[in-house]
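Structural features, examined
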Amino acid sequence: MGKFSNKMKKKYQETSKKSIAVYLILRILVVASMIFQVILGNFQNAIMCIVALILFTIPTIVSEKLKIGIPSLLEAIIYLFIFSTTILGEINNFYGLIPFWDTILHTLNGFICAGIGFSLVDLLNQNSKKIHLSPMYVVLVAFCFSMTVGVLWEFCEFTADSLLKTDMQKDRIVQSISTVKLNPNGENHPVKIKDIEKTQIYSKDGNITTIENGYLDIGIGDTMKDLFVNFIGAIVFCTIGFLYIKNREKYQFARNFVPVKE
């Protein structure tokens, strides 16, 4: 019950030449980057390269251990996502150089995680004689799985920023704020400050830091933006997944993103 034809199973078992090419090219680039970082003495970045190489093995391990066929397109997207976050994003600072780099990756993360959540439930639904879940329930679980992963990642960013003093929750300059903290009477009515031209931070050691063109927001805007685009990515996949369950033959393109039981 719920099995694909031998032809379809064979299709998922065979990794396409394009997927292999993407995998090999990205591994070569990661190894080259690791060697370069070691030469420069940036051992933290070299460790990041090692982490990327380890993450590259996950699709193969999942496929072999769990007997799950991962579509070649989805596999290539996962490899590109890992490379884009670690090598391009962290080591080459694409997060800072390209304005929407972080937004694109968080949207893609929402899409991929929704696909993973969808696959876990759909595989169970298709290969069990006792469980018959409705399409809406399956996509709801997929959506919740994706959003949960997104929230947990924001927890990780906040923890790293708090304990390790990183800036994963990227700060931004804003020109207006609304806060009850500055209410002179301590009432629950926000004080609104508009058209902020600059702010100054005075340290105990006598240093003065001037922030031009506004006020420094410390991460909340970035966090909410990340969760929102994660939401969009999850909704896009859930829409595709819902249509796929309703009519698997008509929406065969969705099979490019849905792992199957071998």
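I will try to describe carefully the structure that is included in this document. (Residues numbered from 1 in each chain as written. Predicted model: local features only at pLDDT ≥ 70, side-chain atom pairs only at ≥ 80, totals over all residues. Heavy atoms only, no water.)

Here we look at the overall build of the protein
Counting its regular elements, the protein contains 9 helices and 8 strands. Computed over its C-alpha atoms, the radius of gyration of the protein comes to 23 Å, more than 25% above the 18 Å expected for a compact globule of 262 residues. Burial analysis of the protein (262 residues in total) assigns 36% to the buried set. Of the accessible surface of the protein, which amounts to about 16,300 Å², a share of 65% is contributed by carbon and sulfur atoms. (Helix = DSSP H or I, 4+ residues; strand = E, 2+ residues; numbered from the N terminus. Rg over C-alpha atoms; globule rule 2.2 N^0.38 Å. Buried < 20%, exposed > 50% of the residue type's maximum accessible area, 1.4 Å probe, protein only. Areas by Shrake-Rupley, 256 points an atom, 1.4 Å probe, with all protein chains shown as cover.)

Topic: unusual backbone geometry
Even without being glycine, asparagine 93 reaches a positive phi, approximately 55°. Mapped onto the secondary structure, asparagine 93 falls in the loop between helix H5 (72-91) and helix H6 (94-97). Unusually for a residue other than glycine, asparagine 213 sits at a positive phi of about 70°. On the secondary structure map, asparagine 213 appears in the loop between strand E6 (208-212) and strand E7 (215-217). Since its relative accessible area comes to 53%, asparagine 213 is described here as exposed.

Some details on the pairing of E6
The two faces of the sheet receive side chains in turn, since in a regular strand these alternate between them. In this structure, strand E5 (residues 198-202) lies alongside E6, joined through 5 bridges in antiparallel fashion. Of the residues in E6, the one forming a bridge with glutamine 200 is threonine 210. Between E5 and E6, which pair antiparallel one after the other, the connecting turn spans 5 residues, and glycine 206 there sits at a positive phi close to 95°. (Pairing = 2+ DSSP bridges.)

Observations concerning the packing of aromatic side chains
Counting across every chain of the model gives 10 aromatic pairs. Aromatic pair phenylalanine 143 and phenylalanine 231: ring centres 5.6 Å apart, planes at 85°, arrangement edge-to-face. Of the two residues, phenylalanine 143 sits in helix H8 (residues 135-163) while phenylalanine 231 sits in helix H9 (residues 220-246), which places them 88 residues apart along the sequence. Through pairs of rings, three or more aromatic residues link up here, namely Phe111, Phe118, Phe237 and Phe257. (Phe/Tyr/Trp six-rings, centres within 6.5 Å; stacked < 30°, edge-to-face > 60°.)

With respect to the layout of surface pockets
Counted as a void, the largest pocket has a volume near 1,300 Å³. Lining the largest pocket are 42 residues, and of these Leu55, Phe81, Ile82, Thr85 and Asn109 sit closest to its centre. Looking at the lining of the largest pocket, the elements that each hand over two or more residues are helix H3 (43-56), helix H4 (58-66), H5, H6, helix H7 (101-126) and H8. Among the elements that take part in the lining of the largest pocket, H7 stands out by supplying 11 residues, more than any other. The residue inventory of the lining of the largest pocket, partitioned by class, reads 27 nonpolar, 10 polar and 5 charged. (1 Å grid on protein atoms, 1.4 Å probe; cavity = no way out; pocket = protein on both sides within 12 Å on 5 of 7 lines; lining within 4 Å. Points joined across faces, edges and corners; volume = space filled by probe spheres on them. Nonpolar A, V, L, I, M, F, W, Y, C, P; charged D, E, K, R; others polar.)

Quick notes on the packing of H3 against H5
Between H3 and H5, the shortest axis-to-axis distance is 10 Å and the interhelical angle comes to 175°. Comparing the axis directions of H3 and H5 gives the class roughly antiparallel. Contacts between H3 and H5 involve Asn45, Met48, Cys49, Ala52, Leu55 and Phe56 on the former and, on the latter, Tyr79, Ile82, Phe83, Thr86, Ile87, Glu90 and Ile91. Its residues assigned to classes, the contact of H3 with H5 comprises 10 nonpolar, 2 polar and 1 charged. (Axes fitted to C-alpha atoms, helices over the stretch in contact; angles between N-to-C directions. Parallel < 35°, antiparallel > 145°, perpendicular 65-115°, else oblique. Contact = heavy atoms within 4.5 Å.)

What about the packing of H5 against H7?
A packed helix pair is summarised by two numbers, namely the angle formed by the two axes and the spacing between the axes. Close contact between H5 and H7 brings their axes to 11 Å; oriented N to C, the two are set at 150°. Here H5 and H7 pass one another in a crossing that is left-handed. Residue-level inspection shows Ile77, Phe81, Ser84, Thr85, Leu88 and Gly89 of H5 in contact with H7, the latter providing Trp101, Leu105, Leu108, Asn109 and Ile112. A class-by-class count of the residues in the contact of H5 with H7 yields 7 nonpolar, 4 polar and no charged. (Left-handed = near helix turned anticlockwise from the far one by under 90°.)

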